[in-house]
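# Structural features, examined
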Amino acid sequence: MFRSLILTIMIAVMMPVMAQDDPFYEEDIDLDALYQQIDDIIAQSPKFIEDHEQQINIRRDSLHMAKSPEQQLLLAEQLFDLYKSFRNDSAIHYAEVCISLAESLQRPNVAGRYHALLAYQCSNTDTYTEAINELRKINKAVLDTAGLVAYYNAWMHVCGEVGNYTQRENVRRHYYDLQNLYRDSVLAVTKEGSEEWLHLKMDILSAQRQFQEAMRISDKWLHRVKEGTHEYAYAAFYRSMCYDHLGNEKLAHYWLGKSAISDISCAVNNQASLLFLAEHLANKGDIERARHYMDFSLDRNLAFHPRMRTYQIDSVINIIEKEKQAAQSSVSTILFIAGGIIVLLLLVLFIVILKRYRTKP
């Protein structure tokens with residue numbers, strides 16, 4: 001109890017300091033203008049998708065024309081990168097192509113890295129058995145630094161997912177302990193300041209409630225990425241999570257919106273920011289906008305993977321429940337008003353009848 005009180009006081013003291021350091025922490029932030037930007041970018045999304053598909057088509061044509069396995073591997077890697085947040089089944093296909101080409105070129109380090117990247121794609125779409133099977137094919141001894149980062153990161157992700165969704169407490173603890181070990185391994189082999197390092201540091205600092213340090217890392221991250229890129233979307237998303245933990249709803253909404261705008265403009269279909277923003281808005285009672293954002297986000301995510309994933313189901317159920325409650329409240333209000341009007345009309349009718357009765361000779 002005492003620790004909770006101290007933590008609450010510390011957060012209350014930290015927030016004004018952090019707010020002053022944040023150039024976007026201003027009372028005149030216009031969230032309505034931000035929502036209009038999101039609406040505009042949603043309207044333009046078919047053009048972003050078309051542009052992305054053109055890039056894919058160019059590289060796919062080049063792959064078909066490439067003569068040497070080295071050129072084919074390079075183009076297959078580019079296609080995997082273009083697909084990994086755009087369409088999961090195609091990303092899996094090109095990861096397998098990369099593995100096959102790397103093995104034919106006798107490059108086990110590259111084959112191992114793509115087994116790990118393939119495992120992450122599987123884990124990220126709730127196919128955990130497939131992910132673990134891919135990871136067990138890897139000989140860790142042949143991996144270079146990039147391969148080790150991908151390997152430990154994939155193990156960390158699948159262990160966290162299994163731990164999160166099991167109902168058995170001892171199994172949950174076991175997989176969370178493994179997740180922590182693999183997280184430490186990623187931090188040990190990845191370069192400080194890299195995107196993987198920043199992701200993990202933000203996760204760790206937020207979990208430890210070290211929000212002042214997390215915001216310092218976030219400041220550096222946002223200064224080094226360009227707005228409108230996928231990396232910016234990640235940086236903005238993690239910043240929103242910090243503000244959400246701190247109870248600053250306005251800035252949590254703002255940074256989720258900025259993340260969503262970058263994701264949409266980059267033709268990212270595997271997106272979470274807009275769906276989480278929709279859930280926040282539904283909780284605030286802005287049901288119409290929440291439903292619009294939810295529908296768009298689900299459409300894009302289903303283009304990435306044809307089934308809703310577990311975290312998406314929870315958010316969608318919450319939004320639909322809020323929509324149902326709002327509809328019931330609206331009906332109750334209408335019925336209450338209608339009942340009042342009927343009572344009033346009956347009262348007027350009674351008065352009219354009473355007057356007529358009294359005026360009769």
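Please read all numbers here as calculations on a predicted model, not as lab measurements.

Within the protein, the secondary structure is distributed over 15 helices and 0 strands. Sorting the 361 residues of the protein into buried and exposed places 44% on the buried side. Sequence-distant contacts in the protein: of pairs separated by 6 or more residues, those separated by 24 or more amount to 62%. When the accessible surface of the protein is split by element, carbon and sulfur atoms take 55% of a total near 20000 Å².

As a further point, take the environment of Ile42. In this structure, Ile42 sits in helix α2 (residues 31-65). Remark: the alpha-carbon pair of Ile42 and Ile261, spanning 219 residues in sequence, is separated by 8.3 Å. If we skip the residues at most four places from it in the chain, Ile42 touches Ile264, Leu274, His292, Tyr293 and Phe296.

For the rest of this paragraph, the subject is empty space enclosed by the protein. As enumerated under the stated definition, the model contains 1 cavity of 30 Å³ or more in all. By volume, the largest cavity amounts to about 30 Å³. In this structure, the largest cavity is lined by Ser45, Phe48, Ile49, Asp263, Ile264, Ala267, Val268, Gln271 and Arg300. Mapped by element, the contributors of at least two residues to the lining of the largest cavity are α2 and α12 (249-265). Counting residues per element, the lining of the largest cavity draws most heavily on α2, which supplies 3 residues. Residues belonging to the lining of the largest cavity are distributed by class as follows: 5 nonpolar, 2 polar and 2 charged.

A few words now on the packing of aromatic side chains. Under the defined criterion, the tally for this structure stands at 10 aromatic pairs. Relative to Tyr238, the ring of Phe237 lies with its centre 5.9 Å away and its plane at 85 degrees, an arrangement referred to as edge-to-face. Looking at Phe237, the relative accessible area reads 18%, which means it is buried. Owing to a relative accessible area of 14%, Tyr238 belongs among the buried residues under this scheme.

A few words on the packing of helix α3 (residues 69-83) against helix α5 (residues 108-123). In helix packing, the relevant descriptors are the interaxial angle and the interaxial distance, both defined with respect to the helix axes. Where α3 contacts α5, the axes come no closer than 13 Å and their chain directions differ by 20 degrees. On the basis of their axis angle, the class for α3 and α5 is roughly parallel. As for the relative orientation of α3 and α5, their crossing is left-handed in sense. Contacts from Leu73, Glu77 and Phe80 in α3 reach Val110, Arg113, Tyr114, Leu117 and Gln121 in α5.

Together, Leu302, Met308, Ile313 and Ile317 give the surface a local cluster of nonpolar side chains, amounting to about 320 Å² of exposed area. Residue position: Met308 is located in the loop between α14 (287-304) and α15 (310-359). Accessibility expressed as a relative area gives 35% for Met308, which makes it partly exposed.

What follows deals with unusual backbone geometry. Positive phi values are uncommon outside glycine, yet Gln106 reaches one of about 55 degrees. Along the chain, Gln106 falls in the loop between α4 (88-104) and α5.

Tracing the backbone shows Asn124 in the loop between α5 and α6 (128-135). With residues near it in sequence (within four places) discarded, Asn124 still touches His157, Asn270 and Arg309.

What follows deals with α6. When we look at burial in α6, the residues that qualify are Tyr128, Ala131, Ile132, Glu134 and Leu135. The buried residues of α6 all sit within an arc of 160 degrees when viewed along its axis, so they share a single face. Contacts made by the buried residues of α6 are with α5 and α7 (145-165).

Time to look at the environment of Phe304. Among the structural elements, Phe304 can be located in helix α14. Judged by its relative accessible area of 1%, Phe304 is buried. Linking Phe304 and Ser85, residues 219 residues apart in sequence, is a C-alpha distance of 7.1 Å. What Phe304 contacts, discounting residues up to four positions off in sequence, is Tyr83, Lys84, Ser85, Phe86, Arg87, Asn88, Asp89, Gln121, Thr125, Asn269, Asn270 and Arg309.

Right, let's talk about the side chain of Asn301 for a bit. Summarising the element assignment, Asn301 is placed in helix α14. Non-local contacts of Asn301, meaning those with residues more than four positions away in its chain, are made with Asn269, Asn270, Gln271, Arg309, Tyr311 and Gln312.

What follows deals with the pattern of salt bridges. The full count for this structure, using the stated rule, is 14 salt bridges. With its nearest N and O atoms 2.7 Å apart, the salt bridge here joins Arg172 to Glu169. Within this pair, Arg172 and its partner Glu169 are both found in helix α8 (residues 169-189), separated by 3 residues, close to a single helical turn. Residue class for Arg172 comes out partly exposed when judged on its relative accessible area of 21%. Across the salt bridge formed by Arg300 and Asp299, the nearest N and O atoms sit 3.2 Å from each other. Overall, Asp299 belongs to the partly exposed group, its relative accessible area being 44%. Through salt bridges with shared partners, a single network forms among Glu169, Arg172 and Arg173.

The rules we used
Residues numbered from 1 in each chain as written. Predicted model: local features only at pLDDT ≥ 70, side-chain atom pairs only at ≥ 80, totals over all residues. Heavy atoms only, no water. Helix = DSSP H or I, 4+ residues; strand = E, 2+ residues; numbered from the N terminus. Buried < 20%, exposed > 50% of the residue type's maximum accessible area, 1.4 Å probe, protein only. Contact = heavy atoms within 4.5 Å. Areas by Shrake-Rupley, 256 points an atom, 1.4 Å probe, with all protein chains shown as cover. 1 Å grid on protein atoms, 1.4 Å probe; cavity = no way out; pocket = protein on both sides within 12 Å on 5 of 7 lines; lining within 4 Å. Points joined across faces, edges and corners; volume = space filled by probe spheres on them. Nonpolar A, V, L, I, M, F, W, Y, C, P; charged D, E, K, R; others polar. Phe/Tyr/Trp six-rings, centres within 6.5 Å; stacked < 30°, edge-to-face > 60°. Axes fitted to C-alpha atoms, helices over the stretch in contact; angles between N-to-C directions. Parallel < 35°, antiparallel > 145°, perpendicular 65-115°, else oblique. Left-handed = near helix turned anticlockwise from the far one by under 90°. Patch = residues over 30% accessible without salt bridge, like charges linked within 9 Å, V, L, I, M, F, W, Y side chains within 5 Å. Salt bridge = Lys/Arg side-chain N within 4 Å of Asp/Glu carboxyl O. Arc of directions from axis to C-beta.

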